[in-house]
Amino acid sequence: MPGLLRGVARTAVVAGTATAVSNRVSRRQQGRWAAQQEPQQPQYAAPPPPAPAAPPAGSDMSSKIDQLKQLGELKDQGVLTESEFEEQKSRILQG
């Protein structure tokens, strides 16, 4: 009888260990799959703001100055980059 009891105990220990390891592996795999299936949210830059309206053909200097002030405010707020600012400024000054 002691030999039979020892065999049963050994089988229980082996089966319990195998079950614990199997459950751990399953949980680990599920965690990895869940991480892979999460939708990746792309990081898009905000679209550039529309160009300021072109001044009418007969605009005066004060209108251009107002537009340049507005353009400078947009640049200071971080809406426009330095290159966008320079491009818009040259359009206003040429117009």
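It should be emphasised that the depicted structure is a prediction, and the values quoted were computed from it without experimental measurement.

A tally of regular secondary structure across the protein chain gives three helices and zero strands. In sequence order, the protein chain lays out its α and β elements as α-α-α. Of all 95 residues assigned to the protein chain, the portion counted as buried reaches 9%. Carbon and sulfur atoms make up 57% of the accessible area of the protein chain, which amounts to about 8,100 Å² in all.

With that settled, consider the packing of aromatic side chains. Considering all chains together, one arrives at zero aromatic pairs under this definition. Note that K75 overlies the ring of F85, its terminal NZ or CZ placed 4.9 Å from the centroid.

A contiguous patch of positive charge on the surface is contributed by R24, R27, R28 and R32. Inspection of the secondary structure puts R27 in helix α1 (residues 2-37). Given a relative accessible area of 55%, R27 falls into the exposed group.

As enumerated under the stated definition, the model contains three salt bridges in all. When the shortest N-O distance is used, the salt bridge between K89 and E86 registers 3.5 Å. Here the residue K89 and the residue E86 both occupy positions in helix α3 (residues 82-94), the gap between them amounting to three residues, near one helical turn.

Now for the packing of helix α2 (residues 61-76) against α3. Orientation of α2 relative to α3, taken along the N-to-C sense of each, is 175°, at an axis distance of 10 Å. On the basis of the axis angle, α2 is roughly antiparallel to α3. Within the contact between the two elements, α2 uses K64, Q67, L68, L71, G72 and K75 and α3 uses E82, F85, Q88, K89, I92 and L93. Partitioning the contact of α2 with α3 into residue classes produces five nonpolar, three polar and four charged.

What counts and how
Numbering of residues starts from 1 in each chain and follows the order in which that chain's sequence is written. Two thresholds apply to this predicted model, a pLDDT of at least 70 for residue-level local features and 80 or more for giving and counting side-chain atom pairs, whereas whole-chain, interface and lining totals are computed over all residues. The side-chain quantities take in all heavy atoms of the structure and omit both hydrogens and water. In DSSP terms, a helix is any run of H or I states spanning at least four residues, a strand is any run of E spanning at least two, and both are numbered starting from the N terminus. Buried, partly exposed and exposed residues are distinguished by accessible area as a fraction of the type maximum, computed with a 1.4 Å probe on protein chains only: under 20%, between the cut-offs, and over 50%, respectively. Computed with a 1.4 Å probe, the accessible areas rest on the Shrake-Rupley method; for each residue, only the protein chains presented here act as cover. A pair of aromatic rings is counted whenever rings of Phe, Tyr or Trp (Trp by its six-membered ring) have centres within 6.5 Å, and the orientation is called stacked for planes under 30 degrees apart, edge-to-face for over 60 and tilted otherwise. Look at NZ for Lys and CZ for Arg. If either is within 6 Å of the ring centre and within 35 degrees of the ring normal, a charge sits over the ring. Put simply, a patch holds well-exposed residues, over 30% relative accessible area, that have no salt bridge, with like charges counted together within 9 Å and Val, Leu, Ile, Met, Phe, Trp or Tyr side chains within 5 Å. Within this document, salt bridges are pairs made up of a side-chain nitrogen of Lys or Arg and a carboxyl oxygen of Asp or Glu, the two lying within 4 Å of each other. For this count, His and the chain ends are skipped, Lys and Arg are scored as positive, and Asp and Glu as negative. We put the charge of a Lys on NZ, of an Arg on CZ, of an Asp on CG and of a Glu on CD. Lines fitted to C-alpha atoms define the axes, with helix axes restricted to the stretch in contact, and inter-axis angles between N-to-C directions lie between 0 and 180 degrees. Should an angle fall under 35 degrees it is called roughly parallel, over 145 degrees roughly antiparallel, and 65 to 115 degrees roughly perpendicular, with every other angle called oblique. Note on contacts: a residue pair qualifies if any of its non-hydrogen atoms lie within 4.5 Å across the two residues. Gly counts as polar in this scheme, as do all residues outside two lists: the nonpolar Ala, Val, Leu, Ile, Met, Phe, Trp, Tyr, Cys and Pro, and the charged Asp, Glu, Lys and Arg.

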